[in-house]
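A closer look at the structure
The chain contents come next:
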Amino acid sequence: MDQTRERISRQDIALTLAWLVPGLLVFVFAYQDSLSYLHTLWSANNESYSHGYLLLGFVAYLLVLSWPHFQFSPTKLFWLPALACSALWLVAYATQVMVVQVALLPLLLYCLLASVLGWRQSIRLWLPLGSLYLALPLADVLVLPLQTLTTKVAGVILGLMGVTAYVDGFNIYFPSGTMRIIGGCSGLNYLLAALCLGLFYAHLNLSRFKYKCLAVGLAIVVALVGNWTRVTSLVLIGYYSEMQSPLVHEHGFYGWAVFACYLVAYFLLMRRVPDQPAEQPAVSQLPPLPVKHFAISLLLVCALPLLKELREPGFDALALEQAEQSLPQGLFQDGSQGGSEGLSQGGSQGVGQWQATNEPQWQPNYRGFDVAGHWQTRLGDKQLNLSVLTYLEQHQGKELIYYRNRMTRKDQQESLQLQPVSSDLELNYSAVTGTATEQHVWWFYQVGSEVTLNELSTKLAQAKQLFSAPPVRLVALSLSCAPRLCQQQLAELDQSAEFNGWLAQLPATPAVALP
């Protein structure tokens, strides 16, 4: 009988894995962009989310333990939420909001598994899948409070020990040098790791709710006290070694060693708790997976991202750069002069030939673009510059709308307003001051052929074109002038029918044809 049960058990395992493993691979392929980001986040040493893969292993372990006890009750209740989460992920992908993308992944997995388990059984997924949020970049809001608390505690301990030190902000000054408690010293990584261990210890080893709360609460205390010990001891090492100890500059491993010592004490204390886990009934075989329902649920979870992968175009940056070299020839054309012929007929009061340049006199302070085109010309005595920055592919940190992308550098000042160009057209106008040469810029964003003027409308335009994923651009036409001459030159441009005609044509320029 035992051999029969063992044989059946192996068959059940093989049959279950035959569907779960391909399903997991499809999920990974569909959401590869978000998972690649998580891989980078979790692979970094001594960072806030370095425990990600360890947590993932715990989650897999819990699911394997629970699987034989599941009673499958397929339901359509989670199909609509699965499709909604998938669609929301796609919108977040199109607008490069990575925090939303990764936050949806546990929900998507939950909808997939809950649709075959049923509502009641799916409650058992809340802890393993919910704990994944402890490895997602959602807890960064805690860095500043933890950093502040750690600095204050370290200052109090140093004062009680009679150490000659002065605490100002996050800096600790003493005769031989200065130590700064940066964000990485806040202890967020230890707090998240301790929370994971506390939750899993409580789930696996305790049955009473009050003891589970004790296990989690004590894990939080251990993480905080352990980090305070680590930071204070490092400051003391720096103080007594006069900043000569190697630990002053490299203490990643030292921190985890201190944390491990506190964890040993934690487990020794928790062993004294008079509680035992609830016993699970013995199971001789795995419940059969409702294959058809699982396949439909997997399709709903992955269909939209897979469609995105199949339809997303690839771009040849070199070919696009060559195509954009002719961009000024299509801009500012005067139909009465016959196309771009007027561009080469410069004069003292007219526009000269647009000259491409690799060293523009000025350009917007944007980063991460794939193709940059810069041209310059003169209108009478005025120096004009045209910059077109194109993003072929975007992801978190390499995107048109990004907090670091601005018209100005940090040492410059910018005033921004909307400037009417015609009865039905406005452009952004920025005055960039604070340097020897001022820049007065008329600019806009372009998503494919759609022109936008602010960050929100640009993100919405990207969301509307999420399957085509067109290139996005910043187009900026600027006037460079000495501060004492700017007002006069701006007044002359305001009265120039030719210049105002250029501004009116600039947003109407069609997108560059891509190869």
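Computed from a predicted model, the values in this text were never measured in an experiment. (Residues numbered from 1 in each chain as written. Predicted model: local features only at pLDDT ≥ 70, side-chain atom pairs only at ≥ 80, totals over all residues. Heavy atoms only, no water.)

1. Details of empty space enclosed by the protein
Applying the stated rule across the entire model yields two cavities of 30 Å³ or more. As a volume, the second largest cavity reaches approximately 30 Å³. For the second largest cavity, the full set of lining residues is Tyr-190, Ala-223, Gly-226, Asn-227, Arg-230, Gly-255, Val-258 and Phe-259. Broken down by secondary-structure element, the contributors of at least two residues to the lining of the second largest cavity are helix H10 (209–240) and helix H11 (252–270). For the lining of the second largest cavity, the leading source of residues is H10, giving four residues. Of the residues assigned to the lining of the second largest cavity, the class counts are four nonpolar, three polar and one charged. (1 Å grid on protein atoms, 1.4 Å probe; cavity = no way out; pocket = protein on both sides within 12 Å on 5 of 7 lines; lining within 4 Å. Points joined across faces, edges and corners; volume = space filled by probe spheres on them. Helix = DSSP H or I, 4+ residues; strand = E, 2+ residues; numbered from the N terminus. Nonpolar A, V, L, I, M, F, W, Y, C, P; charged D, E, K, R; others polar.)

2. Some thoughts on the layout of surface pockets
In this approach a probe as big as a water molecule rolls over the atoms, and the regions it shows empty are the leftover space. Its boundaries defined by the atoms lining it, the largest pocket holds a volume of some 1000 Å³. Forming the walls of the largest pocket are 32 residues, and the residues nearest its centre are Leu-24, Leu-56, Ala-60, Leu-63 and Leu-109. Of all the secondary structure elements, the ones that give two or more residues to the lining of the largest pocket are helix H1 (2–30), helix H2 (32–43), helix H3 (52–66) and helix H5 (98–117). Sorting elements by how many residues they give to the lining of the largest pocket places H1 first, with nine residues. Per-class residue counts for the lining of the largest pocket are 29 nonpolar, three polar and no charged.

3. Some remarks on the nonpolar core
Counting 72 residues, the largest nonpolar core has Tyr-31, Leu-108, Leu-125, Leu-206 and Val-301 as the members making the most contacts within it. When sequence neighbours within four positions are dropped, the list of residues in contact with Leu-108 reads Phe-27, Tyr-31, Ala-82, Cys-85, Ser-86 and Val-301. Counting residues in hydrophobic clusters, the runner-up holds 23 residues, among them Trp-375, Leu-384, Leu-427 and Leu-506. (Core = buried A, V, L, I, M, F, W, Y, C linked by side-chain atoms within 4.5 Å. Buried < 20%, exposed > 50% of the residue type's maximum accessible area, 1.4 Å probe, protein only. Contact = heavy atoms within 4.5 Å.)

4. A short note on the sheet that holds strand E2 (residues 171–174)
In spatial order, the strands read E1-E2-E3; together these three strands make up an open sheet with antiparallel pairing. Two strands in the sheet have a free side with no partner beyond their single neighbour: strand E1 (166–168) and strand E3 (177–180). Direction aside, the axes of adjacent strands within the sheet are offset by 20° on average. Of the pairings in the sheet, the one linking E1 to E2 comprises three bridges and is antiparallel in character. By the bridge assignment for E2, Asp-168 is matched with Asn-171. In the packing of H10 onto the sheet, the strands contacted are E2 and E3, and the crossing angle to E2 comes to about 30°. (Pairing = 2+ DSSP bridges. Axes fitted to C-alpha atoms, helices over the stretch in contact; angles between N-to-C directions.)

5. Quick word on a nonpolar patch on the surface
The grouping of Leu-77, Trp-119, Ile-123 and Trp-126 at the surface amounts to a nonpolar patch, some 440 Å² of accessible area in total. By the element assignment, Leu-77 lies in the loop between H3 and helix H4 (79–94). (Patch = residues over 30% accessible without salt bridge, like charges linked within 9 Å, V, L, I, M, F, W, Y side chains within 5 Å. Areas by Shrake-Rupley, 256 points an atom, 1.4 Å probe, with all protein chains shown as cover. Salt bridge = Lys/Arg side-chain N within 4 Å of Asp/Glu carboxyl O.)

6. Thoughts on the environment of Leu-142
Mapped onto the elements of the fold, Leu-142 is located in the loop between helix H7 (126–130) and helix H8 (143–160). Judged by relative accessible area, Leu-142 falls into the partly exposed class, the value being 37%. Once the C-alpha coordinates of Leu-142 and Leu-188 are considered, the two residues, 46 residues apart in sequence, prove to be 7.2 Å apart.

7. Regarding H11
Spanning 19 residues, H11 covers 27 Å between terminal C-alpha atoms, matching the ideal 27 Å at 1.5 Å per step. Of all the residues in H11, the buried ones are Gly-252, Gly-255, Val-258, Phe-259, Leu-263, Tyr-266 and Met-270. In a view along the axis of H11, the buried residues occupy a sector of 145°, so they form one face of it. Exposed residues pointing more than 90 degrees away from the buried face of H11 are listed as Phe-253, Cys-261 and Leu-268. Taken together, the buried residues of H11 touch helix H9 (188–205) and H10. (Expected span 1.5 Å × (residues − 1). Arc of directions from axis to C-beta.)

8. Some points on helix H15 (residues 455–464)
Residues of H15 that are buried include every one of Thr-458, Lys-459, Ala-461, Gln-462 and Ala-463, and no others. Packed against the buried residues of H15 are H4, strand E9 (438–447), strand E10 (450–452) and strand E11 (472–481). By the N-cap criterion, in which a side-chain oxygen at the helix start approaches the backbone nitrogen of a residue two or three places on, H15 is capped by Asn-454, the distance to Leu-456 being 3.3 Å. (Polar contact = N/O pair within 3.5 Å; in protein donor to acceptor, adjacent residues only side chain to side chain.)

9. Details of the packing of aromatic side chains
Overall, the coordinates contain 24 aromatic pairs when judged by the stated rule. Ring centres of Trp-89 and Tyr-93 lie 5.5 Å apart, and the angle between their planes is 15°; on these two criteria the pair is classed as stacked. Of the two residues, Trp-89 and Tyr-93 both sit in helix H4, four residues apart, roughly one turn of that helix. By relative accessible area, Tyr-93 is classed as buried at 15%. (Phe/Tyr/Trp six-rings, centres within 6.5 Å; stacked < 30°, edge-to-face > 60°.)

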